[in-house]
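# Coordinate analysis (summary)
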Amino acid sequence: MHGQFQLTEDQLAIREVAQRFTADQITPHAAEWDEKHIFPKDTIQRSAELGFGAIYVSEQSGGIGLGRLEAALIMEAMAYGCPSTSAFISIHNMAAWMIDRFGGEAVKAKYLPDLITMDKIASYCLTEPSSGSDASALRTTARRDGDHYVLNGTKQFISGAGANEIYTVMVRTGEDGPKGISCVVIEKDMPGVSFGANEKKLGWHSQPTAQLILEDVRVPVENLVGGEGEGFRIAMMGLDGGRLNIGACSLGGAQRCLDEAIKYTKERTQFGQPVAEFQNTQFMLADMATDLEAARALLYLAAAKVTDNAPDKTRFSAMAKRLATDNGSSVVDRALQLFGGYGYLQDYPIERFWRDLRVHSILEGTNQIMRMVVGRDLLRQ
């Protein structure tokens, strides 16, 4: 950003590219993807032609090396058409960044070229059936056997499970707790890798979600990302950016619903005048816009802090994620109310955004955990 709170010309250009891609490739098809549970892999892969498969992978490794604010602008723009698809692309970017930032030359050479072009797509695998918010209690094990690790365990709620080719997986290589966790890269076709049935979800219908099941999976030691025992730290650093992106997806979805509500209330007539002319409607729209802009300002600030590796980056990322996802869902809910009964119908986009944004306050760390992160950091000062 330059001046005071203004996007730079480059940032505005990046946002415009993402908006054009969304208008052409995502928005016209998003309702059908949702209704028919279509995974738009071709569209997702086309985004890589713009560099969106490696947004913050370094230029040295073949990515476009943007900062976290630029990434948030891209995610926000794509979520205007489909939050589910935008979030899916965010997850791939998080996994690719982890390999680029912490992987050795062998694992980077093996996987990054295909991830950058999205010829292969990556998933992020931390959550397990018995460890959600308590992520450091994970039980998936990686036992060293010569020049391989042998993996056993199950990962839960994995976006892209069964469809994606690459998985960055947090496993236990040592003691209980966070210091015993490492990160390894596995491939879909490795012997012993299987997947559960696709989950039947409230929203996010445009992407598959399932368990990743590992049974005596032999993974080369060179697929280790970072050192042994560094996996939890790497996973949490990934989530600093992931939380920004999911907050940005809430901003994009909420902005779409606010725009739709303004248009609808101007056209809808009751009691002899457009609904938009009632003071109550104007007050609702004003509050929706204010809540959205407040969340956007905090998220952009947090993104700049993560890019700069500021000491309070994790606190601000958690604050921004909490506010953006809470406010985003609230804005969409009020937009549905302004649509009345029509907002409840699939003929209009509001109900899809209402369903898609609901999960944002759960994933990448629940909003209750975000409050814990912020509170603990404040008390350490």
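Reference entry: report on the structure contained in this document. Just so it is clear, the model here is predicted, and its values are computed rather than measured. (Residues numbered from 1 in each chain as written. Predicted model: local features only at pLDDT ≥ 70, side-chain atom pairs only at ≥ 80, totals over all residues. Heavy atoms only, no water.)

## Some thoughts on the overall build of the protein
Scanning the protein from terminus to terminus reveals 11 helices and 10 strands. The C-alpha radius of gyration of the protein comes to 21 Å, within 12% of the 21 Å expected for a compact globule of 381 residues. The dimensions of the protein, computed from C-alpha atoms along their principal axes, are 80 × 45 × 35 Å. Considering the protein as a whole, with its 381 residues, one finds that 55% of them fall into the buried category. Sequence separation of at least 24 residues holds for 73% of the intrachain contacts in the protein that already meet a minimum separation of 6. (Helix = DSSP H or I, 4+ residues; strand = E, 2+ residues; numbered from the N terminus. Rg over C-alpha atoms; globule rule 2.2 N^0.38 Å. Buried < 20%, exposed > 50% of the residue type's maximum accessible area, 1.4 Å probe, protein only. Contact = heavy atoms within 4.5 Å.)

## Some words on the side chain of Glu70
Following the sequence through the fold, Glu70 ends up in helix α4 (residues 68-79). One buried charge, Glu70, has no salt-bridge partner; the nearest side chain with opposite charge is Arg68, at 8.4 Å. A polar side-chain atom of Glu70 sits 3.1 Å from the main-chain amide nitrogen of Gly67. (Lys, Arg positive; Asp, Glu negative; His and termini not counted. Salt bridge = Lys/Arg side-chain N within 4 Å of Asp/Glu carboxyl O. Polar contact = N/O pair within 3.5 Å; in protein donor to acceptor, adjacent residues only side chain to side chain.)

## Notes on the packing of aromatic side chains
Given two aromatic rings, one states the distance between the centres and the angle between the planes to describe the pair. Enumeration over the complete set of coordinates arrives at 8 aromatic pairs. Ring geometry for Phe39 against Phe88: centres 5.1 Å apart, planes inclined by 65°, an arrangement best described as edge-to-face. Taken together, the residues Phe39 in the loop between α2 (30-36) and α3 (41-47) and Phe88 in helix α5 (residues 83-102) connect sequence positions 49 residues apart. What makes Phe39 partly exposed here is its relative accessible area of 23%. A ring pair is formed by Tyr342 and Tyr348, whose centres lie 5.8 Å apart and whose planes are at 65°; its orientation type is edge-to-face. Cluster of aromatic residues (ring-pair linked, three or more members): Tyr264, Phe339, Tyr342 and Tyr348. Seen from the ring of Tyr56, Arg68 lies directly overhead, with NZ or CZ sitting 3.7 Å from the centre. The positively charged end of Arg144 is found above the aromatic ring belonging to Tyr149, 5.8 Å away from the centroid. (Phe/Tyr/Trp six-rings, centres within 6.5 Å; stacked < 30°, edge-to-face > 60°. Lys NZ or Arg CZ within 6 Å of the ring centre and 35° of its normal.)

## Points about the nonpolar core
Counting residues in hydrophobic clusters, the biggest one holds 114 residues, and the most contacted among them are Tyr124, Leu151, Val169, Met170, Ile186, Leu212 and Leu299. The element best represented in this core is helix α7 (residues 231-267), accounting for 15 residues. Leave out the neighbours within four places in its chain, and Tyr124 touches Ile91, Met94, Met98, Ile158, Thr168, Met170, Ala235 and Leu239. (Core = buried A, V, L, I, M, F, W, Y, C linked by side-chain atoms within 4.5 Å.)

## A few points about the pattern of salt bridges
Pairing is possible between side chains of opposite charge, provided their charged atoms come close. Applying the stated criterion across every chain yields a total of 21 salt bridges. Ionic pairing is found between Lys108 and Glu105, a salt bridge with its closest N-O pair at 3.5 Å. Note that Lys108 and Glu105 are positioned in helix α6 (residues 105-117) at a spacing of 3 residues, about one turn of the helix. Since its relative accessible area comes to 62%, Glu105 is described here as exposed. With a shortest N-O distance of 2.9 Å, Arg256 and Glu260 are connected by a salt bridge.

## Describing α6
Its 13 residues give α6 an end-to-end C-alpha distance of 18 Å, which sits within 8% of 18 Å, the value for a rise of 1.5 Å per residue. Bending of α6 peaks at approximately 40° at the position of Tyr111, with proline Pro113 no more than four residues after it. The complete set of buried residues in α6 reads Val107, Lys108, Tyr111, Leu112, Leu115 and Ile116. In this structure, the buried residues of α6 make contact with α5, β1 (122-125), β4 (166-172), β5 (181-187) and β8 (224-225). Met118 lies just past α6 and shows a positive phi near 60°. (Expected span 1.5 Å × (residues − 1). Bend = angle between axes of the 7 residues up to and from the residue.)

## Observations concerning the environment of Met372
Here Met372 lies in helix α11 (residues 367-379). With 307 residues separating them in the primary sequence, Met372 and Gly65 have C-alpha atoms 31 Å apart.

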